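Read off the chains here:
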Amino acid sequence: MNASGLITDFSKLDLNKLYTYADYLTWRFEQSVELFSGKVFPMSPAPKVKHQRIAVRLTKYIAVFLDQSTCEIFVAPFDVRLYNAHLSALRHEEITTVVQPDLCVICDSQKLDELGGNGAPDWVIEILSEGNSKKEMRIKYELYEAAGVREYWVVDPEHETVHQFVLDEATHKFRVQQIY
């Protein structure tokens, strides 16, 4: 930690400790991280060209589709603070999950502030990259489901597929809507 209270060296974090969003706001190091239920997860290196092309193409089409709506699309890096869907907005010291989805759509302007997204986006799209498929398919799936994300897409460039999950309003669980 430096004199201003900011942590500038990733190696200074205790990866066995549970952290909050308040802690996350004090980190200033080059390694990008996400916070999953209080645990620090280093992000994969910068995405490859195919990943970037998919992200740009999806962003372009979704932005055009949303042009006349109140919904907005955001691209990584963009912090989204998640918590249980049944809770109201929490203080920074209470939030233990911060993710940076590849793309997300937020339709409720109350879920936006100067720091990013605060609460579940309406739609999240994750594009798999080398080394992150287990994270996206298992951990983030559970986090997005618990937070109440209404629709979650997992794009797999290697297999050229998109898994579309939709939140069932009755069970509050994702179900596979379609595989493209």
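Let us look at the structure shown here. (Residues numbered from 1 in each chain as written. Predicted model: local features only at pLDDT ≥ 70, side-chain atom pairs only at ≥ 80, totals over all residues. Heavy atoms only, no water.)

Below, the discussion takes up the nonpolar core. Core analysis: the biggest nonpolar cluster contains 21 residues, and Leu82, Cys104, Tyr144, Tyr152 and Phe174 have the highest contact counts within it. Of all the secondary structure elements, the ones that give two or more residues to this core are strand E4 (80–82), strand E6 (103–106), helix H3 (133–147), strand E10 (151–156) and strand E11 (161–167). If one sorts the elements of this core by residue count, H3 sits on top with four residues. Apart from residues lying up to four places away in sequence, Tyr144 is in contact with Leu82, Val99, Pro101, Val124, Glu126, Val149, Tyr152 and Phe174. (Core = buried A, V, L, I, M, F, W, Y, C linked by side-chain atoms within 4.5 Å. Buried < 20%, exposed > 50% of the residue type's maximum accessible area, 1.4 Å probe, protein only. Helix = DSSP H or I, 4+ residues; strand = E, 2+ residues; numbered from the N terminus. Contact = heavy atoms within 4.5 Å.)

Below, the discussion takes up the pattern of salt bridges. Taken as a whole and assessed by the stated rule, the structure comprises seven salt bridges. Of the charged contacts, one joins Asp113 and Arg81 as a salt bridge, the two residues approaching to 2.6 Å between their closest N and O atoms. Taken together, the positions of Asp113 in strand E7 (residues 112–113) and Arg81 in strand E4 put the pair 32 residues apart, joining distant regions of the chain. In this structure, the salt-bridge partner of Glu94 is Arg91, at a minimum N-O distance of 3.6 Å. Under the relative-accessibility criterion, Glu94 is labelled partly exposed at 39%. Each member of the salt-bridge network shares a partner with another, and the members are Glu34, Glu126 and Lys140. (Salt bridge = Lys/Arg side-chain N within 4 Å of Asp/Glu carboxyl O.)

In this approach the atoms are scanned with a rolling probe the size of a water molecule, which exposes any empty space left behind. What the largest pocket holds in volume is close to 440 Å³. For the largest pocket, the lining is made up of 26 residues, of which Met43, Pro47, His51, Ala76 and Asp102 are closest to its centre. Secondary-structure elements contributing two or more residues to the lining of the largest pocket are helix H2 (49–65), strand E9 (123–127) and H3. Across the lining of the largest pocket, the residue classes break down as eleven nonpolar, nine polar and six charged. (1 Å grid on protein atoms, 1.4 Å probe; cavity = no way out; pocket = protein on both sides within 12 Å on 5 of 7 lines; lining within 4 Å. Points joined across faces, edges and corners; volume = space filled by probe spheres on them. Nonpolar A, V, L, I, M, F, W, Y, C, P; charged D, E, K, R; others polar.)

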